[in-house]
Amino acid sequence: MERKRRTQADRTAATRAALVAAAREAFGTRGFAEVGTEQVVRAAGVSRGALYHQFADKTELFAAVFEAVEAELTERIGALLAGATDPVAALAAGIGAWLTACEEPEVQQIVLLDAPSVLGWERFREIGMRYGLGLVEGVLEAGMQGGGLARRPVRPLAHVLVGALDESALYVARAEDPVTARAEVEATLAALLTGLLRPA
């Protein structure tokens, strides 16, 4: 019986993974509004019934895709920052990695353009904060404990920085000249980070 349950759970997980992967490709390429569920189930190789067994509707499927992208970005940027000893350099590297990731068409479409409108602001922020906020808080706390950053309340500061990072990525994504926009944004964020340093 246990083996049967495990086999069923494995099949369910595989179906869900196939749907999320197919939807991610479709949403990232064409955008939420241009993708129908029929296209997703066909690409995933499953039935429409399997889709609605896993997800209430297309919006819930999109939420799963958005969460998968956010988790992957957090893991990618977190790996880059692992072992960093200079908190400002770590934050700057994280900012650079985030802006670079947001230049990828899939990330730009799913995270920056579709997620806020498809999920609504509150849910978009809740999912985004669950991933990026923890990463930023960890870097800030390590920097404050190490003495490189001035001691401040970590949670509100992390919220401010995450908001600045999201707006910066949107600014670059929508700019007529993304190269210049990114240089301007990075210079602005560097000045912001300098203000976090512990006074000498």
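As a reminder, the structure under discussion sits directly above these lines.
First, a word on what this report is: a plain description of the structure on this page.

Rules of the game
- Residues numbered from 1 in each chain as written.
- Predicted model: local features only at pLDDT ≥ 70, side-chain atom pairs only at ≥ 80, totals over all residues.
- Heavy atoms only, no water.
- Salt bridge = Lys/Arg side-chain N within 4 Å of Asp/Glu carboxyl O.
- Helix = DSSP H or I, 4+ residues; strand = E, 2+ residues; numbered from the N terminus.
- Buried < 20%, exposed > 50% of the residue type's maximum accessible area, 1.4 Å probe, protein only.
- Phe/Tyr/Trp six-rings, centres within 6.5 Å; stacked < 30°, edge-to-face > 60°.
- Arc of directions from axis to C-beta.
- Axes fitted to C-alpha atoms, helices over the stretch in contact; angles between N-to-C directions.
- Parallel < 35°, antiparallel > 145°, perpendicular 65-115°, else oblique.
- Left-handed = near helix turned anticlockwise from the far one by under 90°.
- Contact = heavy atoms within 4.5 Å.
- Nonpolar A, V, L, I, M, F, W, Y, C, P; charged D, E, K, R; others polar.
- Bend = angle between axes of the 7 residues up to and from the residue.
- Core = buried A, V, L, I, M, F, W, Y, C linked by side-chain atoms within 4.5 Å.

Our focus in this paragraph is the pattern of salt bridges. Under the counting rule described, the total for this entry stands at 13 salt bridges. Ionic pairing is found between Arg24 and Glu106, a salt bridge with its closest N-O pair at 3.0 Å. Taken together, the positions of Arg24 in helix α1 (residues 2–30) and Glu106 in helix α6 (residues 105–119) put the pair 82 residues apart, joining distant regions of the chain. We classify Arg24 as buried; its relative accessible area is 16%. Residue classification places Glu106 among the partly exposed positions, given a relative accessible area of 25%. The shortest N-O distance in the salt bridge between Glu141 and Arg151 comes to 3.1 Å. Here Arg151 lies in the loop between α7 (121–146) and α8 (154–174) and Glu141 lies in helix α7, a separation of 10 residues in the sequence. On the basis of relative accessibility, which here comes to 25%, the residue Glu141 falls in the partly exposed class.

Here the structure, examined in full by the defined rule, presents 5 aromatic pairs. Measuring from ring centre to ring centre gives 5.5 Å for Phe27 and Phe32, while their planes differ by 35 degrees; the resulting arrangement is tilted. In this pair, the class of Phe27 matches that of Phe32, namely buried. Aromatic side chains Phe27 and Phe62 sit 5.4 Å apart centroid to centroid with 65 degrees between the ring planes, which places their arrangement in the edge-to-face category. Here Phe62 lies in helix α4 (residues 58–81) and Phe27 lies in helix α1, a separation of 35 residues in the sequence. Phe62 sits in the buried class, given a relative accessible area of 0%.

For the rest of this paragraph, the subject is helix α2 (residues 37–44). When α2 is considered as a whole, its buried residues turn out to be Thr37, Val40, Val41 and Ala44. The buried residues of α2 all sit within an arc of 95 degrees when viewed along its axis, so they share a single face. Residues Arg42 and Ala43 are exposed on α2 and point more than 90 degrees away from its buried face. Just past α2, the residue Gly45 takes up positive phi, approximately 75 degrees.

Interaxial distance between α4 and α6 falls to 10 Å at its minimum, and their mutual angle equals 135 degrees. In terms of orientation, α4 lies oblique with respect to α6. When you trace α4 past α6, the crossing you get is left-handed. On α6, the residues that touch Thr59, Phe62, Ala63, Val65, Phe66, Val69, Glu70 and Leu73 of α4 are Val107, Ile110, Val111, Asp114, Ala115, Val118 and Leu119. When its residues are assigned to classes, the contact of α4 with α6 shows 12 nonpolar, 1 polar and 2 charged.

The next thing to look at is α6. Along α6, the largest kink reaches about 40 degrees and is centred on Leu113; proline Pro116 follows within four residues of it. Inspection of α6 places Val107, Ile110, Val111, Leu112, Asp114, Ala115, Val118 and Leu119 among the buried residues, and these make up the whole buried set. Gly120 sits one or two positions beyond α6 and adopts a positive phi of about 85 degrees.

Glancing now at the nonpolar core. Grouped burial of nonpolar side chains is what soluble globular proteins tend to show. Ranked by size, the top nonpolar core spans 62 residues in total, and within it Phe27, Leu61, Phe62, Phe66, Trp98, Val111 and Leu140 carry the most contacts. When residues of this core are traced back to their parent elements, those giving at least two are α1, α2, α4, α5 (87–101), α6, α7, α8 and α9 (178–194). Aside from chain neighbours lying at most four places away, what touches Val111 is Phe66, Val69, Glu70, Leu73, Trp98, Glu106, Pro116 and Phe124.

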